[in-house]
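Architecture and fold: a report
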Amino acid sequence: VTVPTPEQLRKDNEELRQRLEEAEETLRAIHAGEVDAVVVAKSGEQVFTLESTDRPYRLLVECMTQGAAALRTDGVLLYCNRHFAELLGRPLEALRRQPVQDCISPDDRPLFEALLREGQTRECQGEITLVRTDGTTVPAYLGVNALRAGAAGLCLMVTDLSEQKRHEAISASEALTRSILEQTVDATVVCDSAGKVVRASRRAHELCGRNPLLLPFTTAFPIREVGSEGEPAASAEVLLVPVLEGGTLQGRDVYLDCPASRRVDLLLSAGPLRGPDGQVAGAVVTLTDITERKRAENALRESQERFRTLVEQVKDYAIFMIDMQGRPTTWNEGVRRVLGFAEDEFVGQEIDHLIYTPEDVQAGVPQRELALAAETGRANNDRWMRRQDGERFWASGITTALHTEAGEPIGFSKVMRDLTSRKQAEEALHRARDELERRVEERTAELQVAQRRSLQGERLAAIGQMMTGLAHESRNALQRSQACLTVLSLRLEGRPQEQELLARIQCAQDDLHRLYEEVREYAVPRPLDRRLCHLSEVWREAWRDLAPLREAKNAELREDLVGVDDLLLADPFQLKQVFRNLLENALVAGGALPRIEIRCRRAELDGQDAVRLTVRDNGPGFASEQMPRLFEPFYTTKVHGTGLGLAICKRIIEAHGGRIEVGTGPGAEIIILLPRREA
Amino acid sequence: MNKEQPLRIAVADDEPDMLLFFREVLPRLGHKLVAEAASGKELVQRCHSLHPDLIITDIRMPEGDGLQAVADINEHMRIPVILITAHHDSDVLGRAGGDYIMSYLAKPVKPVDLEAAVRLAMLRFSHFQTLARETDDLRQALEDRKVIERAKGAVMKRVGVGEEEAFRRLRKLASNHNRKLADVAQEIAGSEEVFRLLEKC
């Protein structure tokens, strides 16, 4: 047994006093007929109903769907029916003798106070918001009037406005929803929790092809998800289940699986539809028609695929991309063919050292090429490049800069092919052209020389014609002079002084005569009269003819032709003149004791069998400045010379198809090459 | 100079100086200048009347050039010619032709050239003449032979002897009458012709 504390006892006392008061109040109420029943809630609920004459009224009040209450003028509740208590969300017992103000939202309390005041004198109404113990509010309509005359109390009638309010809100929201549904381009479908279509937008109707309302969603819209390859595609049932359980679906690729019509590709989004209570009441499904986009995407993908396949299969062109770091990112069959690299040897490697020649890498060619492509969009890459096996080939192609749509550079594409054979052909062509040009130039030069020669020939022919006439007339004049000279000489016989003078005139005249003869000889060459002759015999005859000239000098001619065949086809009389001129010059140059050597050798001239003759004396030889002019007509180093001797020699030798030139000595040396021309 | 018979020479040149030259030089060479002509025509006239031993002529002259003149002269008589020319070109020499042109002299002519040319010309002409005489003799011999054969045939026919006997009797006849065999034969052949005509009458 526990001994109660004073505190406990005080509490017990207070409780007892309150119960006493309640009991007295109850009794008073029973007496006053205010109580219909008494509920004793001590051990199990016991209701004691008090029978009285106004019981039918009480029952009526209890059955009212409106809340009814009697209040003191200060707002304390005296009595209320069951519905009033329900509206306020409180048990009846908790309300009695409590001010009703506690159940009014603070904002509405001034209105309530006013209603209490006004209600004592006349009937008045107003809308207020009731606050329940769980915090929810109930809009309510209050009617207030005095209980009966003389009694200090008010009658309060409460009508629940929440249903009405909800209806107004719902219809407004309904109108908005309908409008949204109709205006949306996408097909929007609302399903109830059983998965039946309860709302469908105009586009959804079109998509369904019939009235979808109250049909199961899966029947109205037999969609299937576009699964990844190999995976089974999810059906509409499977898709909707999680949504009806509160989940959402975002942008799932589905298609309308109706075999009758064309395939329609859709983008499905769905979310749960929740009621005011927060419970899932159904689902809202949005279907966006992406058939066109899908088709475009497919077309693009197919086109890209075709293009990729095409590029991969191109064999004659190496086509690949390189990134900004200069590493290939793609490969095609052409890379193998043209450059010799397998895909794994190529992609991701340093392009510079892969395909450029070391010289080009050294010279910075790859960087320049990419810089040019980046700047101008493209760059030629026609140059010698290197294959995987190190062999070089002539590459021809284009490097193109690649950009994103936004214009950001992302790399380069390179296309190249092997044009080595064409390049080689071109180079061969170039060489051939150069060769041709060179030959044309040579030929032109030859022609110019020939033209000059021909011009010279024409000039000589003109001179020759003139000389013929001149020589003829001169001879007549010389003849007259000679005649008179002779007669004079005869008449002056025995007068040595005059004879001496006459001899000098005669000598001058002879010189003049010889000059005419030589000029004529040079200007009007005689045609060749070729016959087989021994060269040595020809020069010996010339030597004999010169006997008067050389006898005084004790000159000597040495011949060197041991074992050489000196037989050739030539004009011996004209050749004799050549030898006479050469030997005469040698005799003059050789001084007091001339030693002349003629050497004869076998030789070749323009691929033909020929004879080389060298005539050399023991004189001082030619000065170097004389050499180039020796064969010019009228150029002479002698005091008494016409300057035509060597020119005539040259003319005769060249008429034979031979050549005459100056040797290096010692002494004066003339070299003659004569073709043999034997039959 | 010339130790042999002096030559009678005709010269032609349109240059007086040349005529002077020949006039002075030819006598020194031992020859005699018998005619001087200044044209081709004149040369022809003088040669016909004088019949010189040698002609020395220029080619180009007025009134018929030298070549034409010597060609005319040598149709009637045989006189050797030396041509003096300013040309020694082959075409002129080729055109010169004529077996009576014995030598050439190219201008200007000196006495020594002239002497050599005269000697050469006369030598060649002499050879030429000898040959011509021989030819005449041979031709005569051939002609005689023909007549003798004809006469021999007539004797064989008329006397009735063989060929050898006929020839022997002809020679004896000529010898007896101190006449040439050919002359006797000619007479016999002529007579035989007369008899043949008479027989036909």
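Residues numbered from 1 in each chain as written. Chains lettered and ligands numbered in written order. Predicted model: local features only at pLDDT ≥ 70, side-chain atom pairs only at ≥ 80, totals over all residues. Heavy atoms only, no water.

Description of the overall build of chain A
Cut-off, in case you're wondering: To qualify as a helix, a DSSP run of H or I must reach at least 4 residues; to qualify as a strand, a run of E must reach at least 2; elements of each kind are numbered from the N terminus. Here's how the labels work: a residue is buried when its accessible area is under 20% of the maximum for its type, exposed when over 50%, partly exposed in between, all with a 1.4 Å probe on protein chains only. Surface exposure here means Shrake-Rupley accessible area, sampled with a 1.4 Å probe, where a residue is shielded only by the protein chains that are shown.
Looking only at helices and strands, one finds 21 helices and 25 strands in chain A. Considering chain A as a whole, with its 679 residues, one finds that 35% of them fall into the buried category. Element-wise, carbon and sulfur atoms account for 53% of the exposed surface of chain A, whose accessible area totals about 40700 Å².

Quick notes on the overall build of chain B
Rules: Only heavy atoms matter for contacts: two residues are in contact if any of them lie within 4.5 Å across the pair.
Assigned secondary structure in chain B consists of 7 helices and 5 strands. Its helices and strands taken in sequence order, chain B reads β-α-β-α-β-α-β-α-β-α-α-α from the N to the C terminus. Within chain B, buried positions represent 39% of all 201 residues. Taking contacts inside chain B between residues at least 6 apart in sequence as the whole, the part at least 24 apart equals 60%. Carbon and sulfur atoms make up 52% of the accessible area of chain B, which amounts to about 11500 Å² in all.

Some words on the nonpolar core
If you look at soluble globular proteins, the nonpolar side chains tend to sit buried side by side. Residue and element names in this part refer to chain A. Put simply, the test is: Nonpolar core, defined: a set of buried Ala, Val, Leu, Ile, Met, Phe, Trp, Tyr and Cys residues in which side-chain atoms within 4.5 Å join the residues together.
L535, W539, L583, L613 and I672 are the most contacted members of the largest nonpolar core, which has 45 residues in total. Of the residues forming this core, the biggest block, 7 residues, is contributed by helix α20 (residues 572-589). In contact with W539, other than residues within four places in its own chain, are L557, E559, L561, F579, L583, I598, C600 and L613.

Focus on the sheet that holds strand β11 (residues 249-256) of chain A
Residue and element names in this part refer to chain A. Our working definition: The criterion for strand pairing is that DSSP finds at least two bridges linking the strands in question. Only C-alpha atoms enter the line fits that serve as axes; for helices the fit covers just the stretch in contact. Angles between N-to-C directions range over 0 to 180 degrees.
One open sheet accounts for 6 strands, arranged β9-β8-β13-β12-β11-β10; its pairing is antiparallel. Because the sheet does not close on itself, it has two edges, and the strands there are β9 (197-200) and β10 (223-225). Ignoring which end each strand starts from, the neighbouring axes of this sheet average 35 degrees apart. Across 6 bridges, β11 lies against strand β12 (residues 264-274) in antiparallel orientation. Each residue of the ladder has a partner; that of V254, found in β12, is L266. Sheet contacts for helix α6 (residues 162-183): β8 (187-192) and β9; angle to β9, the most-contacted strand, approximately 70 degrees.

Description of the pairing of strand β7 (residues 154-160) of chain A
Residues and elements named next belong to chain A. In this sheet, β7 lies alongside strand β3 (residues 67-71) in antiparallel orientation, the contact comprising 5 bridges. Residue pairing in the sheet places A70 in a bridge with C155 of β7. The pairing of strand β6 (residues 137-146) with β7 spans 7 bridges and is classified as antiparallel. Each bridged residue has a counterpart across the sheet, and for N145 the counterpart in β7 is C155.

Observations regarding the side chain of A:R676
Residues and elements named next belong to chain A. What counts, and what does not: Any pair of nitrogen or oxygen atoms within 3.5 Å is treated as a polar contact; in protein, a donor-acceptor pairing is required on top of that, and neighbouring residues in sequence qualify only through side-chain atoms on both sides.
With respect to the element layout, R676 can be found in the segment after β25 (669-675). Here L567 takes part through its backbone oxygen, which lies 3.1 Å from a polar atom of the side chain of R676. For R676, the contacting residues outside a window of four places in its chain are D565, D566, L567, L568, L569, R602, D609, A610 and V611.

Looking at the interface of chain A and chain B
Put simply, the test is: Two parts placed together each lose some accessible area under a 1.4 Å probe, and the buried area is that loss summed for both. Take a side-chain nitrogen of Lys or Arg and a carboxyl oxygen of Asp or Glu: if they are within 4 Å of each other, that pair is a salt bridge. Lys, Arg, Asp and Glu make up the charged group, whereas Ala, Val, Leu, Ile, Met, Phe, Trp, Tyr, Cys and Pro make up the nonpolar group; the residues left over, Gly among them, are polar.
Each partner contributes residues to the interface: chain A has 19 residues there, and chain B has 18 residues. Taking both sides of the interface into account, the surface hidden between chain A and chain B amounts to around 1800 Å²; carbon and sulfur atoms contribute 57%. Two residues, B:R28 and A:E493, come together in a salt bridge whose shortest N-O distance is 2.6 Å. Between chain A and chain B we count 6 residue pairs in polar contact (both at pLDDT 80 or more) in total. Among the secondary structure elements, those contributing two or more residues to the side of chain A that touches chain B are α16 (420-491) and α17 (496-523) of chain A. If you tally residues by element for the side of chain A that touches chain B, the top one is α16(A), at 13 residues. Taken together, the residues that form the side of chain A that touches chain B break down as 5 nonpolar, 7 polar and 7 charged.

Notes on the sheet that holds strand β24 (residues 659-662) of chain A
All names here are of chain A. If you trace the 5 strands from one edge of the open sheet to the other, you get β20-β22-β23-β25-β24, paired in mixed fashion. Strands with a single pairing partner mark the edges of an open sheet, and in this sheet they are β20 (556-560) and β24. On average, each strand axis in the sheet is tilted by 20 degrees relative to the strand beside it, whichever way the strands run. Its contacts with the sheet put helix α18 (residues 535-545) on β20, β22 (595-605), β23 (608-616) and β25, and the angle it makes with β20 is roughly 180 degrees.

Points about the environment of A:L460
Residues and elements named next belong to chain A. Among the secondary structure elements, L460 is positioned in helix α16. Along the primary structure L460 and V524 are separated by 64 residues, whereas in three dimensions their C-alpha atoms are 8.3 Å apart. Residue contacts for L460: discarding those within four places in its chain leaves Y522, A523 and R651.

Re unusual backbone geometry
In this chain, B:K107 is followed by B:P108 through a cis amide linkage whose omega measures -5 degrees. By secondary structure assignment, the location of B:P108 is in the loop between β5 (101-106) and α5 (111-159). The phi dihedral of A:L214 falls on the positive side, at around 65 degrees, and the residue is not glycine. Checked against the element boundaries, A:L214 lands in the loop between α7 (202-208) and α8 (217-220). Not every positive phi belongs to a glycine, and A:D606 is a case in point at roughly 50 degrees. Tracing the backbone through its elements, the reader meets A:D606 in the loop between β22 and β23. Given the relative accessible area of 64%, A:D606 is considered exposed.

Thoughts on the packing of aromatic side chains
All names here are of chain A. Heads up, the rule is: When two rings of Phe, Tyr or Trp (its six-membered ring) have centres within 6.5 Å they constitute a pair, described as stacked for plane angles under 30 degrees, edge-to-face for angles over 60, and tilted for the intermediate range. In our convention, an over-ring charge means Lys NZ or Arg CZ found within 6 Å of a ring centre and within 35 degrees of that ring's normal.
Under the criterion given, the structure shown has 7 aromatic pairs over all chains. Plain terms: the ring middles of W384 and W394 are 5.4 Å apart, the flat faces sit at 75 degrees to each other, and that makes the pair edge-to-face. Taken as a pair, W384 in strand β16 (residues 383-386) and W394 in strand β17 (residues 392-403) lie far apart in primary sequence, 10 residues in all. You can call W384 partly exposed: its relative accessible area is 30%. Taking the relative accessible area as the measure of exposure, W394 reaches 16% and is therefore buried. The ring of W394 is capped by K423, whose NZ or CZ atom sits 3.9 Å from the centre of that ring.

Notes on the pairing of strand β4 (residues 81-85) of chain B
All names here are of chain B. This is how the line gets drawn: A clockwise course of the path from the first strand over the helix to the second, judged with the strands pointing away from the viewer, identifies a crossover as right-handed.
Among the 5 residues of β4, 5 are classified as buried, and the element is accordingly described as predominantly covered. By the alternation rule, side chains of β4 split into V81, L83 and T85 and I82 and I84, which are all buried. Bridge count between strand β3 (residues 54-58) and β4: 4 bridges; the pairing is parallel. Its bridge partner being in β4, I56 is matched across the sheet by I82. Considered for its hand, the β-α-β crossover made up of β3, helix α3 (residues 66-76) and β4 is right-handed. The sheet contact formed by β4 and β5 spans 5 bridges and is parallel. Paired with I82 across the strands is S103, a residue of β5.

Points about the confidence of the model for chain B
All names here are of chain B. Definition in use: The predictor's confidence in any single residue is recorded as pLDDT, a number from 0 to 100.
For chain B, the average pLDDT comes to 85, and 92% of its residues sit at 70 or higher. By mean pLDDT, the top-scoring element of chain B is strand β1 (residues 8-12) (94), and the lowest-scoring one is helix α4 (residues 90-96) (55). Model confidence for the complex is summarised by a pTM of 0.42, with the ipTM given as 0.70.

What about the environment of A:E123?
Residue and element names in this part refer to chain A. Mapped onto the fold, E123 is located in the loop between α5 (109-119) and β5 (124-131). With 21 residues separating them along the chain, E123 and V144 place their C-alpha atoms 5.6 Å apart. Once you skip the residues sitting within four places of it in the chain, E123 turns out to touch V144 and N145.

Comments concerning α18(A)
In plain terms, the rule: Relevant arc is that of directions from the helix axis to the C-beta atoms, nothing else.
Regarding α18(A), the residues found buried are A:L535, A:S536, A:V538, A:W539, A:A542 and A:W543. End-on, the buried residues of α18(A) take up no more than an arc of 160 degrees, which puts them together on one face.

Looking at α17(A)
What counts is decided by this rule: By definition here, a helix of n residues has an expected span of 1.5 Å times n minus one.
Over its 28 residues, α17(A) runs 40 Å from end to end, which matches the ideal 40 Å to within 8%, given 1.5 Å per residue. Looking only at α17(A), the buried set comprises A:L502, A:Q506, A:Q509, A:E517, A:E518, A:V519, A:R520, A:E521, A:Y522 and A:A523.

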